[in-house]
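Here's the letter readout for the chains.
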Amino acid sequence: MSKLTHLDGDGAARMVDVGGKQANERLAIASGVIRMSADALTAVRDGNAPKGDVLGAARIAGIMAAKKTGELIPLCHPLALDAVSVDFAFEDDGIRATASASLTGKTGVEMEAMVAVSTALLTVYDMAKAVDKGMVIGEVRLIEKRGGKIGHWKAD
């Protein structure tokens, strides 16, 4: 098993010291999906959801959340992100969200991309729950990362 970087020699949680690392370009892409009824999907697609522009609100929420990741996830470093994007694609029974986060820095942005996706999907739920309270969020995962010691990684 590999050593967990967020634990010290005694097993206590710690924030990783990135002070001595070289800054380089880093990118992370994450994805997730929200499954919903045909009525909810139509309402979102047609812009007829009771709360208004679902995907517009979800995009802004995802971007805002990425910028707050260091405040939400206890051992994440607060990062000065260069860019965050959140995009959506309609599927047969739901909506897929894809987020990317990038910066030039000393630590990766995987958590920022995943927090952006998660928050965007939660916002879709909030905005469309009047139509379908049984929506299911899932498949939130890292799709790709670039930069850092590991270099380029892409999900199978």
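So, here's what we can say about the structure.

## Points about helix H1 (residues 38–46)
Next up, step 1: All of the buried residues along H1 are Ala 40, Leu 41, Ala 43 and Val 44. Looking straight down H1, one finds its buried side chains confined to an arc of 160°; they lie on one side. Structural note: H1 exposes Ala 38 and Asp 39 on the side pointing more than 90 degrees away from its buried face.

## Re the sheet that holds strand S3 (residues 94–105)
Next up, step 1: Pairing within the open sheet is antiparallel, and its five strands lie in the order S2-S3-S1-S4-S5. Looking at strand neighbours, the two that pair on one side only are strand S2 (83–91) and strand S5 (153–154), the edges of this open sheet.
Next up, step 2: As defined by bridge partners, strand S4 (residues 136–146) adjoins S5 across two bridges and the pair is classed as antiparallel. Note on S5: the bridge partner recorded for Glu 144 is Lys 154.
Next up, step 3: Across the face of the sheet, helix H2 (residues 54–67) comes into contact with S2 and S3 while running at roughly 145° to S2.

## Side note on the packing of H2 against helix H4 (residues 110–128)
Next up, step 1: Following both chains from N to C, one finds H2 and H4 inclined at 145°, their axes separated by 7 Å at the closest point. The two elements H2 and H4 meet at a crossing, and its hand is right-handed. Here H2 contributes Val 54, Leu 55, Ala 57, Ala 58, Ala 61, Gly 62, Ala 65 and Ala 66 to the contact with H4, which in turn contributes Glu 112, Val 115, Ala 116, Thr 119, Ala 120, Thr 123, Val 124 and Met 127.
Next up, step 2: Class assignment of the residues belonging to the contact of H2 with H4 gives a composition of 12 nonpolar, three polar and one charged.

## Let's talk about a nonpolar patch on the surface
Next up, step 1: Together, Leu 122, Ile 137 and Val 140 make up an exposed nonpolar region whose accessible area comes to about 230 Å².
Next up, step 2: Following the sequence through the fold, Ile 137 ends up in strand S4.
Next up, step 3: According to the relative accessible area criterion, Ile 137 is partly exposed, its value standing at 32%.

## Quick look at the nonpolar core
Next up, step 1: Core analysis: the largest hydrophobic core is formed by 31 residues, its most contacted members being Met 36, Phe 88, Ile 95 and Val 124.
Next up, step 2: Broken down by secondary-structure element, the contributors of at least two residues to this core are strand S1 (24–35), H1, H2, S2, S3 and H4.
Next up, step 3: Those residues in contact with Met 36 that sit more than four places away from it in its chain are Leu 41, Val 44, Asp 93, Gly 94, Ile 95, Val 124, Asp 132 and Met 135.

## Comments concerning H2
Next up, step 1: Counted at 1.5 Å a residue, the expected span for H2 with its 14 residues is 20 Å, and the 20 Å between its end C-alpha atoms agrees.
Next up, step 2: N-cap assignment for H2: the residue whose side-chain oxygen lies 3.0 Å from the backbone N of Gly 56 is Asp 53.

So, how was this worked out
- Residues numbered from 1 in each chain as written.
- Predicted model: local features only at pLDDT ≥ 70, side-chain atom pairs only at ≥ 80, totals over all residues.
- Heavy atoms only, no water.
- Buried < 20%, exposed > 50% of the residue type's maximum accessible area, 1.4 Å probe, protein only.
- Helix = DSSP H or I, 4+ residues; strand = E, 2+ residues; numbered from the N terminus.
- Arc of directions from axis to C-beta.
- Pairing = 2+ DSSP bridges.
- Contact = heavy atoms within 4.5 Å.
- Axes fitted to C-alpha atoms, helices over the stretch in contact; angles between N-to-C directions.
- Left-handed = near helix turned anticlockwise from the far one by under 90°.
- Nonpolar A, V, L, I, M, F, W, Y, C, P; charged D, E, K, R; others polar.
- Patch = residues over 30% accessible without salt bridge, like charges linked within 9 Å, V, L, I, M, F, W, Y side chains within 5 Å.
- Areas by Shrake-Rupley, 256 points an atom, 1.4 Å probe, with all protein chains shown as cover.
- Salt bridge = Lys/Arg side-chain N within 4 Å of Asp/Glu carboxyl O.
- Core = buried A, V, L, I, M, F, W, Y, C linked by side-chain atoms within 4.5 Å.
- Expected span 1.5 Å × (residues − 1).
- Polar contact = N/O pair within 3.5 Å; in protein donor to acceptor, adjacent residues only side chain to side chain.

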